[in-house]
Amino acid sequence: MKRNNKIYIAGHKGMAGSAILRKLSGAGYSNLLGKTSGELDLKDRIAVNRFFKEESPDVVILAAARVGGIWANNEFPYEFLMHNLQIQNNVIDAAHSYGVKKFIFLGSSCIYPKYSPQPIKEEYLLSGELEPTNQWYSLAKITGIKACEALRRQYQKDFVCLMPTNLYGPGDNFDLQTSHVLPAMLRKFHEAKNRDHASVKLWGTGSPMREFMHVDDLASAVLFTLEHKLEETIYNVGTGKDLPIDELAVLIQQIIGHQGKIIWDHSKPDGTPQKLLSVEKLKNKGWQSEIALEEGIRNTYDWYNMQQNQNL
Ligand SMILES: NC(=O)c1ccc[n+]([C@@H]2O[C@H](COP(=O)([O-])OP(=O)(O)OC[C@H]3O[C@@H](n4cnc5c(N)ncnc54)[C@H](OP(=O)(O)O)[C@@H]3O)[C@@H](O)[C@H]2O)c1
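Throughout what follows, the structure given in this document is the object of discussion. (Residues numbered from 1 in each chain as written. Predicted model: local features only at pLDDT ≥ 70, side-chain atom pairs only at ≥ 80, totals over all residues. Heavy atoms only, no water.)

1. A word on the site of the ligand
Phase 1: Close to the ligand lie 26 residues, the nearest being M15, A16, S37, Y137 and K141.
Phase 2: A distance of 2.9 Å is found between a nitrogen atom of the ligand and a side-chain nitrogen or oxygen belonging to D41.
Phase 3: Here a nitrogen atom of the ligand sits 3.0 Å away from a polar atom, N or O, in the main chain of L42.
Phase 4: With the chains in place, 81% of the 890 Å² that the ligand exposes on its own is no longer accessible.
Phase 5: Only helix 1 (15–26), helix 5 (135–155) and strand 6 (166–168) provide two or more residues apiece to the shell around the ligand.
Phase 6: Its residues assigned to classes, the shell around the ligand comprises 13 nonpolar, nine polar and four charged. (Near = heavy atom within 4 Å. Polar contact = N/O pair within 3.5 Å; in protein donor to acceptor, adjacent residues only side chain to side chain. Areas by Shrake-Rupley, 256 points an atom, 1.4 Å probe, with all protein chains shown as cover. Helix = DSSP H or I, 4+ residues; strand = E, 2+ residues; numbered from the N terminus. Nonpolar A, V, L, I, M, F, W, Y, C, P; charged D, E, K, R; others polar.)

If you want it as structure tokens, here you go:
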């Protein structure tokens with residue numbers, strides 16, 4: 001990969017996209033291209049084709065998507081299915097038509113079957129029933145992965161899908177209604193500390209096991225994929241380690257310095273008991289994650305505090 005290759009990062013302002021932009025720019029890639037959804041709506045096929053014709057990127061990294069937690073998926077099933085399909089169809093097909101040399105598509109660990117054996121291997125995709133709460137999003141993502149697989153098989157195109165585990169880090173969404181578990185906890189403990197609340201209420205029992213990876217580790221996996229020829233389409237990207245949600249809560253509480261009690265709201269659902277990716281496939285190619293959970297959460301909390309201070 002040449003440092004002056006033109007690389008289009010779709011979704012460069014999002015949590016994953018902005019981390020990828022920082023990583024590639026830090027690695028010396030100088031011809032990076034990004035457009036906000038206001039500048040280029042990836043749901044608009046004509047606009048996407050015009051963009052590819054004008055810019056002719058060598059590489060595309062697709063980190064643009066309609067993303068959200070259980071509440072958002074449940075509330076907007078049509079948009080989670082249709083917008084993701086439209087974005088992917090337009091970008092993947094334009095990349096194919098306009099001769100993009102390397103394409104990296106971000107899938108997600110949450111699109112594997114609900115009852116996958118643990119740790120989850122790449123080959124378990126489509127081997128069982130989907131998690132009903134995010135089936136809309138999952139079906140769209142699976143279609144994108146299959147499109148990449150078909151292009152590799154039929155046209156020998158270098159299209160790769162990375163399947164990240166739960167991500168967190170700078171640029172995360174801290175809105176309590178639409179955020180994922182880690183940023184939601186971080187915000188709850190932060191507010192409880194600042195408002196002297198004696199307790200913090202969290203969803204479920206705290207017993208499910210989950211894996212979390214700092215978004216800079218995902219960006220490093222993207223850089224690795226960019227610079228290495230991988231023979232297959234799908235690779236999991238995770239830390240290979242999980243922990244119970246109640247341990248995560250205690251860790252975040254300690255980092256933030258909140259002294260009170262944690263109350264588990266057992267009336268709220270826990271979700272699947274464990275979700276851990278098998279990371280052997282990419283590890284065998286030479287990549288592994290590096291950021292320890294505590295270090296990553298401290299870094300994210302620093303970023304969160306900086307944002308809060310800027311908004312004062
Ligand atoms: N977050 C996680 O835990 C996680 C885990 C596994 C996989 N992933 C995958 O990583 C990717 C990025 O996720 P993220 O967490 O970084 O999401 P994010 O922070 O919400 O960013 C999404 C990005 O997509 C762009 N976008 C959405 N709709 C668009 C449209 N119609 N046209 C153009 N751009 C559009 C947004 O652009 P604007 O801001 O300009 O609107 C934004 O930059 C997704 O594919 C997701 O499935 C995320």
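Continuing now.
2. Section: the environment of F159
Phase 1: Here F159 shows up in strand 5 (residues 158–164).
Phase 2: Along the backbone, F159 and T233 are 74 residues apart, and their C-alpha atoms lie at a distance of 6.5 Å.
Phase 3: Ignoring anything within four residues of it in the chain, the contact list for F159 reads I92, A95, H96, V100, F103, C148, L151, R152 and T233. (Contact = heavy atoms within 4.5 Å.)

3. What to know about the sheet that holds strand 13 (residues 274–275)
Phase 1: Taken together, three strands build an open sheet; the order of strands is 11-8-13 and the sheet is mixed. Of all the strands in the sheet, the pair left with one neighbour each is strand 11 (243–244) and strand 13.
Phase 2: Where strand 8 (residues 209–210) meets strand 11, two bridges bridge the pair, whose relative direction is antiparallel. Each residue of the ladder has a partner; that of M209, found in strand 11, is P244. (Pairing = 2+ DSSP bridges.)

4. Observations regarding the pattern of salt bridges
Phase 1: Applying the stated criterion across every chain yields a total of 17 salt bridges.
Phase 2: With a shortest N-O distance of 2.8 Å, D58 and K101 are connected by a salt bridge. Highlighted residues: D58 in the loop between helix 2 (45–55) and strand 3 (59–62) and K101 in the loop between helix 4 (77–97) and strand 4 (102–106), separated in sequence by 43 residues.
Phase 3: By relative accessible area, D58 is classed as buried at 17%.
Phase 4: A network of salt bridges, in which partner residues are shared, links K102, R152, D158 and K229. (Salt bridge = Lys/Arg side-chain N within 4 Å of Asp/Glu carboxyl O. Buried < 20%, exposed > 50% of the residue type's maximum accessible area, 1.4 Å probe, protein only.)

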